[in-house]
Amino acid sequence: MKVIVLGAGIVGVTSAYQLAKSGHEVTVVDRQTGPALETSFANAGEVSFGYCSPWAAPGIPMKAMKWLFMKHAPLILRPKFDIAMLSWMARMLSNCTSERYAINKSRMLRLADYSRIALAELRAETGIAYDERMQGTLQLFRTQQQLDGAAKDVKALAADGIPYEVLDRDGCIRVEPALRHVRDKIVGGLLTPKDETGDCFKFTNALAAKAEALGVRFAYGTTVKALDVETGRVRGIVTDRGRMDAEAVVVALGSFSPLLLKPLGIGLPVYPVKGYSLTVPITDASRAPESTVMDESYKIAITRLGDRIRVGGMAEISGYTNDLGLARRSTLEHSVTDLFPGGDVSKASFWSGLRPMTPDGTPVIGPTKIIGLFLNTGHGTLGWTMSTGSARLISDLVGARRPDIDAGDLAVSRYG
Ligand SMILES: Cc1cc2nc3c(=O)[nH]c(=O)nc-3n(C[C@H](O)[C@H](O)[C@H](O)COP(=O)(O)OP(=O)(O)OC[C@H]3O[C@@H](n4cnc5c(N)ncnc54)[C@H](O)[C@@H]3O)c2cc1C
């Protein structure tokens, strides 16, 4: 079948690779000059199959109020009269109940666990190197209250059969030896040992090359203007370089996906939540992390990527803007130098990206009311982590095969 994948981020490229492997004739269309040049460019590098939760959780509205007034705030809110923003925020708040949290988390864990298997198989079959490590995520607590608060996460991990270890200060230092220099700043941690790390940009580029070798065509520098739909069936796409025919189209445009779907009457509650990262060259490896450390106080992830430290985080709700604020850079610099001062921050590169967030934290994967039109988008905080499983799912759904895991509750129809 002739399939067009819209978007050459991690989600589009993994989808294209799987679709090509299933025998389809695949074209990927992206406005950029190459793969992974938008949100998949410099994320925090966590491939956290276990450390995987929706942001909408019980207690978050109260915490969010406090965060707004912190010096190094994890949340920045710039409200404006934008219906999409306001309705997305209202839906996010309605997901902050224990009942919704449990449903959303179990959907995310199902997809993340499937992605763990899919990534291992993909790595084995392609031999792609991407500064990968398999040493887990350490969620680091600076206060006893944070450590005590981890009890509900531990319960959820145990219920879902995800391996974990609750660590005291010495346990954290055993896992991340550089923390010995700051032992007084930490109280304990929660380790999810099956989590991995890796450079999403390197991975996406290497996989795009493998996909090309399978026959996938990449049309870069091409902006998609509209979907061509006739009598309830997708016929192709309209771009700034002309029209292209397709029997199936997979939308993987990250935060920009809803803009293309709106004219077709498909309401996709995906909204951009901006995050920032800093990539710091390592000068003293004994003061650098081994894997991902999630600093719970600031909600900042600090990850080892080869000879670099990647520090990423913050949630800024301000619409479709990529501007870089110096205050955000100083928050990231503060976080990394406070725990892992083994890098040269003066030589760091600073970046921002728009997380394609759904209000329930779970991506949207599956068919739409238009025949031949599929969505693989809305991966929010964990698109790198969940990309490989999502790609397999979408490839099975496009090919009308039964997926390995239940996907019925991942489609856009779940929003009614
Ligand atoms: C600061 C930060 C830290 C993060 N850390 C992690 C992490 O540690 N682990 C993790 O798993 N995830 C993380 N994420 C989330 C992850 O990066 C995203 O979920 C993921 O990159 C989304 O991939 P995507 O392919 O859906 O979107 P994108 O990478 O944005 O790809 C969409 C593509 O669509 C193209 N496009 C858009 N509109 C058009 C159009 N009209 N025409 C043509 N092309 C178009 C764009 O050019 C882009 O290439 C983080 C995100 C941020 C911002």
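Source: prediction; values computed, not measured. (Residues numbered from 1 in each chain as written. Predicted model: local features only at pLDDT ≥ 70, side-chain atom pairs only at ≥ 80, totals over all residues. Heavy atoms only, no water.)

S.K.: In this structure, what is going on with the overall build of the protein? I would like to understand it.
M.R.: Regarding its fold elements, the protein presents 11 helices and 20 strands. Along the three orthogonal principal directions, the C-alpha set of the protein runs to about 65 × 45 × 40 Å. Taking all 416 residues of the protein together, 58% fall into the buried category. Considering only intrachain contacts with a sequence separation of at least 6, the fraction spanning at least 24 residues in the protein is 75%. Approximately 16500 Å² of the protein is accessible, and the part contributed by carbon and sulfur atoms is 54%. Placing the 49 positive and 43 negative side-chain charges of the protein at their respective mean positions leaves the two points 3 Å apart. (Helix = DSSP H or I, 4+ residues; strand = E, 2+ residues; numbered from the N terminus. Buried < 20%, exposed > 50% of the residue type's maximum accessible area, 1.4 Å probe, protein only. Contact = heavy atoms within 4.5 Å. Areas by Shrake-Rupley, 256 points an atom, 1.4 Å probe, with all protein chains shown as cover. Lys, Arg positive; Asp, Glu negative; His and termini not counted. Charge placed at Lys NZ, Arg CZ, Asp CG, Glu CD.)

S.K.: How do you make sense of the domain arrangement of the protein when you look at a structure like this?
M.R.: Many structure descriptions define interface size as the accessible area lost when the parts assemble. Examined at the domain level, the protein breaks down into domain 1 (2–40 + 202–267 + 361–415) and domain 2 (47–196 + 270–357). Relative to domain 2, the C-alpha centre of domain 1 lies at a distance of 26 Å. Every contact between the two is made by 41 residues of domain 1 and, on the other side, 36 residues of domain 2. For the pairing of domain 1 and domain 2, the buried interface totals around 3500 Å² over both sides, and the portion due to carbon and sulfur atoms is 66%. When the area that domain 1 buries against domain 2 is broken down by residue, the three leading residues are Ser255, Thr385 and Arg392, summing to 16%. Where domain 1 meets domain 2, there are 5 salt bridges. Two residues, Arg110 and Asp409, come together in a salt bridge whose shortest N-O distance is 2.8 Å. Along the contact surface separating domain 1 from domain 2 lie 18 residue pairs in polar contact (both at pLDDT 80 or more). The set of elements that each furnish at least two residues to the side of domain 1 that touches domain 2 consists of helix H1 (10–21), helix H8 (200–213), helix H9 (257–261) and helix H11 (383–398). No other element matches the 10 residues that H11 contributes to the side of domain 1 that touches domain 2. (Domains from an automatic or database assignment. Buried area = accessible area lost by both parts, 1.4 Å probe. Salt bridge = Lys/Arg side-chain N within 4 Å of Asp/Glu carboxyl O. Polar contact = N/O pair within 3.5 Å; in protein donor to acceptor, adjacent residues only side chain to side chain.)

S.K.: What is the right way to look at the state of the cysteines in this model?
M.R.: Working definition of a disulfide: a covalent bond connecting the sulfur atoms of two cysteines. With the rule as written, the count across this model stands at 0 disulfides. Considering cysteine sulfurs only, Cys200 is the nearest to Cys52, which forms no disulfide, with 15 Å between them. Cys52 sits in the buried class, given a relative accessible area of 1%. (Disulfide = S-S within 2.5 Å.)

S.K.: Honestly, the site of the ligand in this entry has me stumped. Any pointers?
M.R.: Close to the ligand lie 33 residues; Asp30, Ser40, Glu46, Gly380 and Thr385 are nearest. Val224 places a main-chain nitrogen or oxygen 2.9 Å from a nitrogen atom of the ligand. Contact with the protein chains covers 97% of the free accessible surface of the ligand, which is 1000 Å². Of all the secondary structure elements, the ones that give two or more residues to the shell around the ligand are H1, strand S14 (271–281), strand S18 (349–357) and H11. (Near = heavy atom within 4 Å.)

S.K.: Can you help me understand the packing of H1 against helix H4 (residues 98–126) in this one?
M.R.: Each pair of packed helices can be summarised by the angle the axes make with each other and by the distance between the axes. The interhelical angle for the contact between H1 and H4, taken along N-to-C directions, is 70 degrees, at an axis separation of 13 Å. Between H1 and H4, the interaxial angle falls into the category roughly perpendicular. Classified by chirality, the crossing of H4 by H1 is left-handed. Across the interface between the two elements, Tyr17, Gln18 and Lys21 from H1 touch Leu122, Glu125 and Thr126 from H4. Split into classes, the residues belonging to the contact of H1 with H4 amount to 2 nonpolar, 2 polar and 2 charged. (Axes fitted to C-alpha atoms, helices over the stretch in contact; angles between N-to-C directions. Parallel < 35°, antiparallel > 145°, perpendicular 65-115°, else oblique. Left-handed = near helix turned anticlockwise from the far one by under 90°. Nonpolar A, V, L, I, M, F, W, Y, C, P; charged D, E, K, R; others polar.)

S.K.: Would you take a moment to explain the sheet that holds strand S11 (residues 233–239) for this structure?
M.R.: In a beta sheet, neighbouring strands pair by backbone hydrogen bonds and run either parallel or antiparallel. On the basis of which strands lie adjacent, the open sheet formed by 3 strands has the order S10-S11-S12 and antiparallel pairing. One side of each edge strand has no neighbouring strand; the edge strands of this open sheet are strand S10 (224–230) and strand S12 (242–245). On average, each strand axis in the sheet is tilted by 30 degrees relative to the strand beside it, whichever way the strands run. (Pairing = 2+ DSSP bridges.)

S.K.: Is there a simple way to explain the UniProt feature "domain: FAD dependent oxidoreductase" (unreviewed entry) in the protein in this structure?
M.R.: Under the local residue numbering, the UniProt record ascribes the feature "domain: FAD dependent oxidoreductase" (unreviewed entry) to residues 2–397. Annotated as residues 2–397, this span is 33% helix and 27% strand, and its ends, taken at the C-alpha atoms, are 15 Å apart. (UniProt positions renumbered as here; feature names shortened; annotations may be inferred.)

S.K.: Even after reading the chapter, I still don't get helix H10 (residues 326–339), so can you show me in this structure?
M.R.: The α-helix advances 3.6 residues per turn, and as a result positions three or four apart in sequence lie on the same side. Over its 14 residues, H10 runs 20 Å from end to end, which matches the ideal 20 Å to within 8%, given 1.5 Å per residue. For H10, every residue scored as buried is listed here: Arg328, Arg329, Thr331, Leu332, Ser335, Val336, Asp338 and Leu339. (Expected span 1.5 Å × (residues − 1).)

S.K.: Please clarify how the side chain of Thr292 should be interpreted in this entry.
M.R.: Along the polypeptide, Thr292 turns up in strand S15 (residues 292–295). Given the relative accessible area of 0%, Thr292 is considered buried. Within the local environment of Thr292, its side chain forms a polar contact with the side chain of Thr303, the two groups lying 2.9 Å apart. The residues contacting Thr292, other than those within four sequence positions of it, are Glu46, Gly136, Thr137, Leu138, Glu176, Thr197, Ala301, Ile302 and Thr303.

S.K.: Honestly, the pattern of salt bridges in this entry has me stumped. Any pointers?
M.R.: A side chain of one charge can pair with a side chain of the opposite charge when the charged atoms of the two come close. Scanning the model with the defined rule gives 27 salt bridges in all. Between Asp113 and Arg116 there is a salt bridge, with its nearest N and O atoms 2.9 Å apart. Remark: Arg116 and Asp113 occur in helix H4; sequence separation between them is 3 residues, near one turn of the helix. The partly exposed category is assigned to Asp113, whose relative accessible area is 29%. Note that Arg414 and Asp360 form a salt bridge whose closest N and O atoms lie 2.9 Å from each other. One end of the pair, Arg414, is in the segment after H11; the other, Asp360, is in the loop between S18 and strand S19 (364–367), and 54 residues separate them in sequence.

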